[in-house]
Amino acid sequence: MSFHVRRKDREITNSNTLKEVLKSTKYVTIALCMKNEPYLVSLSHGYDETRNCLYFHCADKGKKLEYLKANNTVWGQVVQDYNATGKCNYAYASVHFKGTVSLLDDLREKQHGMTVMVRQLSESPEAKLAEIKSEKLAKTTMGRIDITYMTGKKHQYPEQ
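These numbers come from a predicted model, not from an experiment.

## Side note on the pattern of salt bridges
When their charged atoms lie close together, side chains carrying opposite charge are able to pair.
Stage number 1. Within the structure shown, the criterion is met by 7 salt bridges.
Stage number 2. Residues Glu126 and Arg119 are paired through a salt bridge, measuring 3.0 Å at the closest nitrogen-oxygen approach.
Stage number 3. Each of Asp48, Arg51, Glu109, Arg144 and Asp146 takes part in one network of salt bridges that share partners.

So, in structure tokens, the structure goes:
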């Protein structure tokens, strides 16, 4: 089943704009499902434009991992919020995506994913990256969401 943006005047059709929204946001909310029970969770993330994927880290146990082990297909959303405008409209840009989650074992990919995340989320990324120890990273639970579909919508979005 496929749906389309109803308001074509608000649809983001430029793939570079979609990627820019993913690169500039700090949080993603993903929808998970197990045995017909939905679950939403918000995560900090880093977007890798070259690989078209999002990286995240999390605890090594919990509801999110149980859901992901049962069904690794997710639907996600990121939003840039530009607040209400003078005419009671709301300025925003949002990207919705479908993807599959893989939990990472490879230390090199974990390092890459953490680098992507820290560079997106930190004001002083190089200092933070210098603090990351391989031993701790090896014990860190990290995931990658490979994006298979993406769409977006905007209203009074400040075009670059």
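## So, the environment of Met142
Stage number 1. Topologically, Met142 is positioned in strand 8 (residues 141-155).
Stage number 2. With relative accessibility at 0%, the residue Met142 sits in the buried group.
Stage number 3. Taking the C-alpha atoms as reference points, Met142 and Glu109, separated by 33 residues in sequence, lie 9.4 Å from one another.
Stage number 4. Setting aside chain neighbours within four positions, we find Met142 in contact with Phe56, His57, Ser102, Leu103, Leu104, Lys110, Gly113, Met114, Met117 and Leu137.

## What about unusual backbone geometry?
Stage number 1. The phi dihedral of Lys35 falls on the positive side, at around 50°, and the residue is not glycine.
Stage number 2. Position of Lys35 among the secondary structure elements: in the loop between strand 2 (27-34) and strand 3 (37-44).
Stage number 3. The class of Lys35 is exposed, set by a relative accessible area of 79%.

## Focus: the nonpolar core
Stage number 1. Grouped together as the largest cluster of nonpolar side chains are 24 residues, with contacts concentrated most on Leu22, Ile30, Leu54, Phe97 and Ile145.
Stage number 2. If you list the elements that add at least two residues to this core, you get helix 1 (15-24), strand 2, strand 3, strand 5 (53-58), helix 2 (63-70), strand 6 (73-84), strand 7 (90-103) and strand 8.
Stage number 3. Per-element accounting of this core gives the leading share, 4 residues, to strand 7.
Stage number 4. If you look at the next biggest cluster of nonpolar residues, it comprises 10 residues, including Tyr55, Leu129, Leu137 and Met142.

## Describing the side chain of Gln120
Stage number 1. Tracing the sequence through the fold places Gln120 in helix 3 (residues 107-121).
Stage number 2. When its relative accessible area of 17% is taken as the criterion, Gln120 is described as buried.
Stage number 3. The residues touching Gln120, leaving out its near neighbours within four places in the chain, are Leu22, Lys23, Ser24, Thr25, His45, Gly46 and Tyr47.

## Quick notes on the environment of Thr141
Stage number 1. Mapped onto the elements of the fold, Thr141 is located in strand 8.
Stage number 2. Thr141 gets classed as buried once you look at its relative accessible area, which sits at 15%.
Stage number 3. Between the C-alpha atom of Thr141 and that of Leu103, which follows or precedes it by 38 residues, the distance is 7.3 Å.
Stage number 4. Every residue in contact with Thr141, bar those within four places of it in the chain, is listed here: Phe56, His57, Cys58, Ala59, Asp60 and Leu65.

What counts and what doesn't
Residues numbered from 1 in each chain as written. Predicted model: local features only at pLDDT ≥ 70, side-chain atom pairs only at ≥ 80, totals over all residues. Heavy atoms only, no water. Salt bridge = Lys/Arg side-chain N within 4 Å of Asp/Glu carboxyl O. Helix = DSSP H or I, 4+ residues; strand = E, 2+ residues; numbered from the N terminus. Buried < 20%, exposed > 50% of the residue type's maximum accessible area, 1.4 Å probe, protein only. Contact = heavy atoms within 4.5 Å. Core = buried A, V, L, I, M, F, W, Y, C linked by side-chain atoms within 4.5 Å.

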